[in-house]
Amino acid sequence: ATAPPLPQPGLAADVDPGPIMARARARLMQLRAQPAREDLPSYGVRWGEFARRMHEAAACMPDPAAATAYAQFKINFEHRLPRAAALRDFPICMRELSCEFPQYIEQLKLFDDSPLSDPSGQFVIAGRRLSNIAPYLARNVMSCLAAVSPAPRVITEIGGGYGGPARAWLTNAIARPETYIIIDIAESLFFSDVFLSATFGAEEVHYVADAQPLSQDVIDRCKIILCPPENIEALNSLSIDLVINTG
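Residues numbered from 1 in each chain as written. Predicted model: local features only at pLDDT ≥ 70, side-chain atom pairs only at ≥ 80, totals over all residues. Heavy atoms only, no water.

Visitor: Any details on the sheet that holds strand S5 (residues 205-207)? Residues and values, ideally.
Guide: Read from one edge to the other, the open sheet built from five strands follows the order S5-S6-S4-S3-S7, with strand pairing classed as parallel. Two strands in the sheet have a free side with no partner beyond their single neighbour: S5 and strand S7 (242-244). Across the sheet, the mean angle from the axis of one strand to that of its neighbour is 20 degrees, orientation sign disregarded. Where S5 meets strand S6 (residues 224-227), three bridges bridge the pair, whose relative direction is parallel. (Pairing = 2+ DSSP bridges. Helix = DSSP H or I, 4+ residues; strand = E, 2+ residues; numbered from the N terminus. Axes fitted to C-alpha atoms, helices over the stretch in contact; angles between N-to-C directions.)

Right, here's the structure in full:
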């Protein structure tokens, strides 16, 4: 396998990044302007520092590609490697996944990495844009689907990072959920808001801005729901099939 140069990451030509960035910033600022809830735990030292960095970065990110690159390499969301190291280990990962999930061999070949990802960690094989994270997320999806029957219609992820696992679930070729919910701190949700809006369209992403129960219209209309812990009561009426967390 070789690692040819990749095109620069970005959106389709007809997508304006301005509204996506502005909407995500406004949502973050609105939530942070609300009084803190005393019944919620603190972020702690580690994530408190990450939250501080993310909050500062959110104010100056120019577009979804820059925000995604920052989230992938500057925040502890995932273990993304530089291209050479990722390419070196990729055949071993694919061999192990093929042995572990023989029922999904053909679908495994269709997992890929986002065009919004930082190209310094990507390579191309058989026309697919890949990284060391692609097989990792593929395993998360396949291990759940191999263990759960019927396939989950509504998935909730606790701590969704910048939205990488959500993209893997919503684009996989085995079984896709109808609704994907991410519960995370507001600073992290800024990055998943940007990434998933740029990936699937802003109209597919609903941000839970208060604790009022979600309407059926929102559930039917939006495949992605982003919920900060402050407003988790809004999800009380939902029937959830699978709850996941990826470390």
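Visitor: Describe helix H7 (residues 164-171), with residues and values.
Guide: Counting buried positions along H7 gives seven out of eight residues, so the element sits mostly inside the fold. Among the residues making up H7, those that are buried are Gly 164, Pro 165, Ala 166, Arg 167, Ala 168, Trp 169 and Leu 170. Buried residues along H7 sit against helix H6 (133-147), strand S3 (154-158), strand S4 (179-183), helix H8 (186-200), S6 and S7. (Buried < 20%, exposed > 50% of the residue type's maximum accessible area, 1.4 Å probe, protein only. Contact = heavy atoms within 4.5 Å.)

Visitor: So, the packing of helix H4 (residues 83-100) against H6: which residues are in play, and what are the values?
Guide: The N-to-C vectors of H4 and H6 enclose an angle of 10 degrees; their axes lie 10 Å apart at closest approach. When the axis of H4 is compared with that of H6, the two are roughly parallel. Contacts between H4 and H6 involve Phe 90, Cys 93, Leu 97 and Glu 100 from the first element and Pro 135, Arg 139 and Met 142 from the second. For the contact of H4 with H6, the residue count by class is five nonpolar, no polar and two charged. (Parallel < 35°, antiparallel > 145°, perpendicular 65-115°, else oblique. Nonpolar A, V, L, I, M, F, W, Y, C, P; charged D, E, K, R; others polar.)

Visitor: Summarise the pairing of S4; cite the residues concerned and give the values.
Guide: Most of S4 sits out of view: five of its five residues are buried. Here S4 shows a buried face lined by Thr 179, Ile 181 and Ile 183 and a second buried face lined by Tyr 180 and Ile 182. In the classification by handedness, the crossover that spans S3, the intervening H7 and the parallel S4 is right-handed. With four bridges joining them, S4 and S6 adopt parallel strand pairing. (Right-handed = clockwise from strand over helix to strand, strands pointing away.)

Visitor: Break down the pairing of S3 for me, citing the residues and quoting the values.
Guide: Of all five residues in S3, four are buried; the element is thus mostly enclosed. Two elements, S3 and S7, share three bridges in a ladder whose sense is parallel. Looking across to S7, one finds that Ile 155 is bridged to Leu 242.

Visitor: Outline the packing of aromatic side chains, listing residues and values.
Guide: Applying the stated criterion across every chain yields a total of seven aromatic pairs. Ring geometry for Phe 90 versus Phe 123: centroids 5.2 Å apart, planes at 75 degrees, classification edge-to-face. Taken together, the residues Phe 90 in helix H4 and Phe 123 in strand S1 (residues 123-125) connect sequence positions 33 residues apart. Under the relative-accessibility criterion, Phe 90 is labelled buried at 6%. Between the aromatic rings of Phe 190 and Phe 191, the centroid separation amounts to 5.0 Å while the plane-to-plane angle is 90 degrees, which identifies the pairing as edge-to-face. Cluster of aromatic residues (ring-pair linked, three or more members): Trp 47, Phe 50 and Phe 77. (Phe/Tyr/Trp six-rings, centres within 6.5 Å; stacked < 30°, edge-to-face > 60°.)

Visitor: Run through the pattern of salt bridges, naming residues and quoting values.
Guide: In this structure the tally under the stated criterion is 16 salt bridges. With a closest N to O distance of 2.9 Å, Asp 112 and Arg 167 form a salt bridge. Of this pair, Asp 112 sits in the loop between helix H5 (105-108) and S1 while Arg 167 sits in helix H7, placing them 55 residues apart in sequence. Taking the shortest distance from any N to any O, the salt bridge between Arg 221 and Asp 217 comes out at 3.2 Å. In this pair, Arg 221 and Asp 217 are both assigned in helix H9 (residues 216-221), four residues apart and thus about one turn of the helix distant. On the basis of relative accessible area, Arg 221 is assigned to the partly exposed category, the value being 44%. Sharing partners across several salt bridges, the network here consists of Glu 49, Arg 52, Arg 53 and Glu 56. (Salt bridge = Lys/Arg side-chain N within 4 Å of Asp/Glu carboxyl O.)

Visitor: Describe the state of the cysteines, and please don't skip the residues or the numbers.
Guide: Applying the stated criterion across every chain yields a total of zero disulfides. A disulfide-free cysteine, Cys 227 has its sulfur positioned 14 Å from the sulfur of Cys 222, the nearest such atom. Judged by its relative accessible area of 0%, Cys 227 falls in the buried class. (Disulfide = S-S within 2.5 Å.)

Visitor: Could you give me a rundown of a nonpolar patch on the surface, with the residues and numbers involved?
Guide: Residues Ile 158, Ile 240 and Val 243 make up a contiguous nonpolar surface patch of about 240 Å² in total accessible area. Mapped onto the elements of the fold, Val 243 is located in strand S7. In this structure Val 243 comes out as exposed when scored by relative accessible area, which is 54%. (Patch = residues over 30% accessible without salt bridge, like charges linked within 9 Å, V, L, I, M, F, W, Y side chains within 5 Å. Areas by Shrake-Rupley, 256 points an atom, 1.4 Å probe, with all protein chains shown as cover.)

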